[in-house]
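Topology and contacts: notes
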Amino acid sequence: MAELRHSSSLGSRAGSSPMKRDDTASPLIHEQHADDDDDGRSRHLFRDRVRSIWSYFPFVSDDPRVSQQNSRISLCLALFVVVAGLISILSIVNHLNAPYLCKKDGIVLHCPRVKEAPSLWENPYSATTSWKPCAERRLGELPPENETNGYIFIHAEGGLNQQRIAVWKFEDIFDVDHFIDYLKDDVRIVRDIPDWFTDKSELFSSIRRTVKNIPKYAPAQFYIDNVLPRIKEKKIMALKPFVDRLGYDNVPPEINRLRCRVNYHALKFLPEIEQMSDLLASRMKNRTGSSNPYMALHLRFEKGMVGLSFCDFVGTREEKAKMAEYRKKEWPRRYKNGSHLWQLALQKRKEGRCPLEPGEVAVILRAMGYPKETQIYVASGQVYGGQNRMAPLRNMFPNLVTKEELASQEELAGFRKHVTSLAALDFLVCLKSDVFVMTHGGNFAKLIIGARRYMGHRYKSIKPDKGLMSKSFGDPYMGWASFVEDVVVTHQTRTGLPEETFPNYDLWENPLTPCMCKA
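It should be emphasised that the depicted structure is a prediction, and the values quoted were computed from it without experimental measurement.

Notes on the overall build of the protein
The secondary structure content of the protein amounts to 24 helices and 12 strands. Looking at the protein residue by residue over its 519 residues, the buried ones come to 36%. Taking contacts inside the protein between residues at least 6 apart in sequence as the whole, the part at least 24 apart equals 74%. Per element, the accessible surface of the protein, about 31600 Å² overall, is 56% carbon and sulfur.

What follows is the structure, given as structure tokens:
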């Protein structure tokens, strides 16, 4: 018992001393203290290292005065980072919300990248949803009729074939009533010359009532200074020539919007022309027994166009001699003695100013990836060289048809009275096609490409790079794979995509800048 009491007293005394209690409580206590000491030393070493790192920065200091200055610098840096971040976020948002628009760098056109796979028949979806027509907005109130400055007599001029074959009138192909009614708030149009003007033949014969020598693409100020005074004086004046006399990028934007309103809204073909074109387009889309896309090819290789181009084409000596005689007869001033024509033809070919031959068109289309089964509507006059010249194109694309093959003679009989009516049918079938391909310049192709752009850029309008093609066709060492790569890369951006109008295009080929708005 005594031993037990002695042991308990020892235990109580040991418990009364904290140090002894901790030492005897557990054999691990001593090791824990050792670890704490190690942690303390580690924290001191870490702080020393951080201080040594910050010591390299001149604006970090333990001095209170320096610390206040450093806090200001830190605040400025923080503000800079925040502003830079906001600018980056805004630029990203703007980039994501920006409309699809191609921009030209020299002769190279750069277009936004898209995720969707390339299509043979349609432009990228983002290109078709970024812009909408907005030329229907009106200019404002017209002055009263008794305050008019006078009348302008308009002489409608057709293309090369129309000028040579027949004289046509506006009402032969267009709905005059719709035209006048649609523009009644913009321009006052009268059908007939006023009764007070008795000598109507004077308009066609008198130089006194004709403003001539108007420069091409003249600015609006030229008309204000030189044409308007003559109209005020004579009351009725004719302008000759009239086509391409007013500029595009040097006139008020309201005038360009009025041009688009005339071209895309006021001008309507006669109902019978519209109905027949719908029938032809429907037959093109259903030639295979089921709905299929079709291509429209504007093939400008008539005798008149070949002669006017003064380019050299493949042919026999007899063909070349006949063409030389034809050119000498039709364009004697340009022909002269013919000695300079060979060098001129080579230069024009290098610059891409020669019409593409049917065989060249076939090779380009095949390189783009269009298969042999492609349905192609050909809008053309009589091709120079006939079936022999068309053979390469027809061999590579046998599903080649014209309006004469799609419709019966009875169906087309009513349109043969006016050559312009047949041209109007070609125009509308090309306009409604899934892919339109031009082979040379001219108002016909420009108007179709411009109208398809104004309709929303959805369907492709291919404009071949004839300059590049002439180099490729003339390279005997270029293989087919290299040629295909050149054609595909070059024409990825030549399909009627959204692009600013000025200064690269005229209004008829690309109405985007003055006549379209962001969707």
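Here we look at the pairing of strand β7 (residues 294-298)
Within β7, 5 of the 5 residues are buried, leaving the element largely enclosed by the surrounding structure. The alternating pattern of β7 places Y294, A296 and H298 on one face and M295 and L297 on the opposite face, and all of these are buried. Across 5 bridges, the pairing between β7 and strand β8 (residues 375-379) is parallel. Bridged to H298 within β8 is A379. Both β7 and strand β10 (residues 435-438) contribute to a ladder of 4 bridges, which runs parallel. In the sheet register, H298 faces β10, and the bridge partner there is M438.

Focus: unusual backbone geometry
Between F502 and P503 the backbone carries a cis peptide bond, its omega angle lying at 5°. Summarising the element assignment, P503 is placed in the loop between α23 (480-491) and α24 (512-515). At N213, a residue that is not glycine, the phi angle is positive and equals roughly 60°. Relative to the helices and strands, N213 is located in the loop between β5 (210-211) and α9 (220-234). One non-glycine residue, H457, lies in positive phi territory at about 60°. Examined against the element boundaries, H457 turns out to sit in the loop between α21 (443-454) and β11 (460-462).

Concerning empty space enclosed by the protein
Where empty space is left in the structure can be found by rolling a water-sized probe over the atoms. In this structure the tally under the stated criterion is 2 cavities of 30 Å³ or more. Its boundaries defined by the atoms lining it, the largest cavity holds a volume of some 60 Å³. A per-element tally of the lining of the largest cavity places helix α22 (residues 466-473) first, with 4 residues. Of the residues belonging to the lining of the largest cavity, the class tally is 5 nonpolar, 2 polar and 4 charged. Volume-wise, the second largest cavity comes out at about 40 Å³. Residue lining of the second largest cavity: L356, V361, I364, L365, M368, V437, M438, T439, I462 and P464, and that is the complete set. Elements with a minimum of two residues in the lining of the second largest cavity: α16 (358-368) and β10. For the lining of the second largest cavity, the leading source of residues is α16, giving 4 residues.

Let's talk about the layout of surface pockets
For the second largest pocket, the calculated volume is near 1400 Å³. Forming the walls of the second largest pocket are 47 residues, and the residues nearest its centre are T490, H491, Q492, T493 and R494. The set of elements that each furnish at least two residues to the lining of the second largest pocket consists of β2 (108-110), α5 (125-128), α21, β11, α22 and α23. When the residues that make up the lining of the second largest pocket are grouped by side-chain class, the tally is 21 nonpolar, 13 polar and 13 charged.

Section: the pairing of β8
Along β8, 5 of the 5 residues are buried, which leaves the element largely enclosed by surrounding structure. Side chains Q375, Y377 and A379 project from β8 onto one buried face, and the interleaved I376 and V378 project onto a second face that is buried too. Where β8 lies against strand β9 (residues 400-401), 2 bridges are found, and the strand directions are parallel. Note that in β9 the partner of Y377 across the bridge is V401. Following the backbone out of β8, through helix α17 (residues 386-396) and into the adjacent parallel β9, one traces a crossover that is right-handed.

Looking at the packing of α16 against α17
Two numbers describe a pair of packed helices, the interaxial angle and the distance between the axes. One way to put it is that α16 packs onto α17 with a least axis distance of 7 Å and a crossing angle of 20°. For the element pair α16 / α17, the angle class is roughly parallel. The interaxial crossing formed by α16 with α17 has left-handed handedness. Residues P358, G359, A362, V363 and R366 of α16 pack against R389, M390, P392, L393 and M396 of α17.

Quick notes on the pattern of salt bridges
The final tally for this structure, using the stated rule, is 15 salt bridges. One network of salt bridges, in which partners are shared, links K403, E404 and D426.

Things to note about the side chain of E357
Its place among the elements puts E357 in the loop between α15 (341-350) and α16. At 2.9 Å, the side chain of E357 and the side chain of R389 are in polar contact. Beyond its immediate chain neighbours, meaning those up to four positions away, E357 contacts F301, F313, V314 and R389.

Rules used throughout
- Residues numbered from 1 in each chain as written.
- Predicted model: local features only at pLDDT ≥ 70, side-chain atom pairs only at ≥ 80, totals over all residues.
- Heavy atoms only, no water.
- Helix = DSSP H or I, 4+ residues; strand = E, 2+ residues; numbered from the N terminus.
- Buried < 20%, exposed > 50% of the residue type's maximum accessible area, 1.4 Å probe, protein only.
- Contact = heavy atoms within 4.5 Å.
- Areas by Shrake-Rupley, 256 points an atom, 1.4 Å probe, with all protein chains shown as cover.
- Pairing = 2+ DSSP bridges.
- 1 Å grid on protein atoms, 1.4 Å probe; cavity = no way out; pocket = protein on both sides within 12 Å on 5 of 7 lines; lining within 4 Å.
- Points joined across faces, edges and corners; volume = space filled by probe spheres on them.
- Nonpolar A, V, L, I, M, F, W, Y, C, P; charged D, E, K, R; others polar.
- Right-handed = clockwise from strand over helix to strand, strands pointing away.
- Axes fitted to C-alpha atoms, helices over the stretch in contact; angles between N-to-C directions.
- Parallel < 35°, antiparallel > 145°, perpendicular 65-115°, else oblique.
- Left-handed = near helix turned anticlockwise from the far one by under 90°.
- Salt bridge = Lys/Arg side-chain N within 4 Å of Asp/Glu carboxyl O.
- Polar contact = N/O pair within 3.5 Å; in protein donor to acceptor, adjacent residues only side chain to side chain.

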